[in-house]
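# An overview of the molecular structure
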Amino acid sequence: MNKKVEVLPDKKALVERALALILSKAQTAIQERGRFTIALSGGSTPKPLYEALGKQQLPWDKIHVLWGDERYVPADHPDSNELMARSAWLDKVDIPAENIHAMATDAAEPAEAAAQHEQDLQKLFNSKPGEFPAVDVILLGMGDDAHTASLFPHTEALKVTDKLVTVGNKDSSVRLTFTYPFINAAECVIFLVAGENKRPALAQVFAAEASETTYPSRLIQPQKELLWLLDEAAGAEIKV
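Per an unreviewed UniProt entry, the recorded name for the protein chain is 6-phosphogluconolactonase, and the organism is Calothrix parasitica NIES-267. The Sequence similarities (unreviewed entry) comment attached to the protein chain in UniProt states, word for word, "Belongs to the glucosamine/galactosamine-6-phosphate isomerase family. 6-phosphogluconolactonase subfamily."

Below, the structure is given as structure tokens:
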């Protein structure tokens with residue numbers, strides 16, 4: 001695993017670094033494979049990154065957008081990760097509708113929706129059941145409990161190793177989420193972590209030994225490239 005940690009001066013610098021990385025990887029993927037796939041995270045940290053992407057002149061017909069997790073709410077709900085990305089970025093560029101691969105949240109059962117989205121992903125990547133295709137870039141955040149995507153501490157989603165998508169739970173809030181083996185199959189995983197409140201969790205995630213079920217971000221160990229982008233407030237105590 002090619003793991004790198006970068007501590008940036010502030011959130012603005014973090015966003016600028018993430019933007020540069022994404023633009024570079026998009027260019028390379030399109031040159032080499034004819035398209036670029038990126039999975040988005042929710043939360044407040046990546047929103048200015050999406051706004052910056054919305055101002056770029058890119059070959060949008062060659063870019064496919066996914067989400068690493070989604071709350072089980074309608075697509076127009078204020079808590080929807082899809083709504084946030086659309087309003088900040090996707091509605092501002094000429095990306096084909098069929099290149100936006102949102103997690104549908106209108107099935108009667110979340111498990112049905114997870115299974116349907118898995119089939120959609122298999123079609124997108126031309127992969128078979130049991131295979132874990134490689135997304136070019138997966139963006140992840142991390143909560144102050146060390147969860148990432150909707151992989152929360154001590155939940156059943158952490159045990160799912162034979163699927164691309166599963167149901168995640170945070171208390172009574174239902175989510176859909178990529179599984180950690182699917183995340184680990186990516187060409188590149190980029191964590192964006194900002195804020196002093198993340199320091200205790202980061203200390204455990206970067207510790208030589210700690211529980212993966214208690215600190216789920218420890219499960220993210222991709223075969224290819226792993227980048228942790230931290231602002232100074234979050235990463236001041238991390239030894240790079």
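For the rest of this paragraph, the subject is the overall build of the protein chain. Along its length, the protein chain carries seven helices and 10 strands. Viewed in the frame of its principal axes, the protein chain has a C-alpha envelope of about 45 × 40 × 35 Å. Relative to its 240 residues, the protein chain shows a buried fraction of 53%. At a minimum sequence separation of 6, the contacts of the protein chain that also span at least 24 residues come to 76%. Entry remark: accessible area of the protein chain is about 11000 Å², with carbon and sulfur atoms responsible for 47%. Separation of charge centres in the protein chain, based on 25 positive and 34 negative side chains, amounts to 4 Å.

Before going further, it helps to examine the sheet that holds strand β2 (residues 36-40). With respect to topology, seven strands assemble into an open sheet ordered β1-β10-β9-β6-β2-β3-β5, the strand pairing being parallel. Both outer strands of the open sheet, β1 (2-8) and β5 (100-101), are each paired with one neighbouring strand and no more. For strand β9 (residues 188-193) and strand β10 (residues 225-231), the ladder comprises six bridges, and the chain directions are parallel. Each residue of the ladder has a partner; that of phenylalanine 191, found in β10, is tryptophan 228. Those strands touched by helix α1 (residues 11-33) are β1, β2, β3 (63-67), β6 (137-140), β9 and β10, and its axis lies near 155° from that of β10.

Time to look at α1. Residues spaced three or four apart along an α-helix face the same direction, because each turn holds 3.6 residues. If you check α1, its first and last C-alpha atoms are 32 Å apart, about what 23 residues at 1.5 Å a residue would give, namely 33 Å. Along α1, the positions that sit buried rather than exposed are Ala13, Leu14, Val15, Ala18, Leu19, Leu21, Ile22, Ala26, Ala29 and Ile30. Between a side-chain oxygen at the N-terminus of α1 and the backbone nitrogen of lysine 12 the separation is 3.3 Å; the capping residue is aspartate 10. Two residues or fewer past α1, glycine 34 is found with a positive phi of approximately 85°.

Scoring rules and cut-offs
- Residues numbered from 1 in each chain as written.
- Predicted model: local features only at pLDDT ≥ 70, side-chain atom pairs only at ≥ 80, totals over all residues.
- Heavy atoms only, no water.
- UniProt positions renumbered as here; feature names shortened; annotations may be inferred.
- Helix = DSSP H or I, 4+ residues; strand = E, 2+ residues; numbered from the N terminus.
- Buried < 20%, exposed > 50% of the residue type's maximum accessible area, 1.4 Å probe, protein only.
- Contact = heavy atoms within 4.5 Å.
- Areas by Shrake-Rupley, 256 points an atom, 1.4 Å probe, with all protein chains shown as cover.
- Lys, Arg positive; Asp, Glu negative; His and termini not counted.
- Charge placed at Lys NZ, Arg CZ, Asp CG, Glu CD.
- Pairing = 2+ DSSP bridges.
- Axes fitted to C-alpha atoms, helices over the stretch in contact; angles between N-to-C directions.
- Expected span 1.5 Å × (residues − 1).
- Polar contact = N/O pair within 3.5 Å; in protein donor to acceptor, adjacent residues only side chain to side chain.

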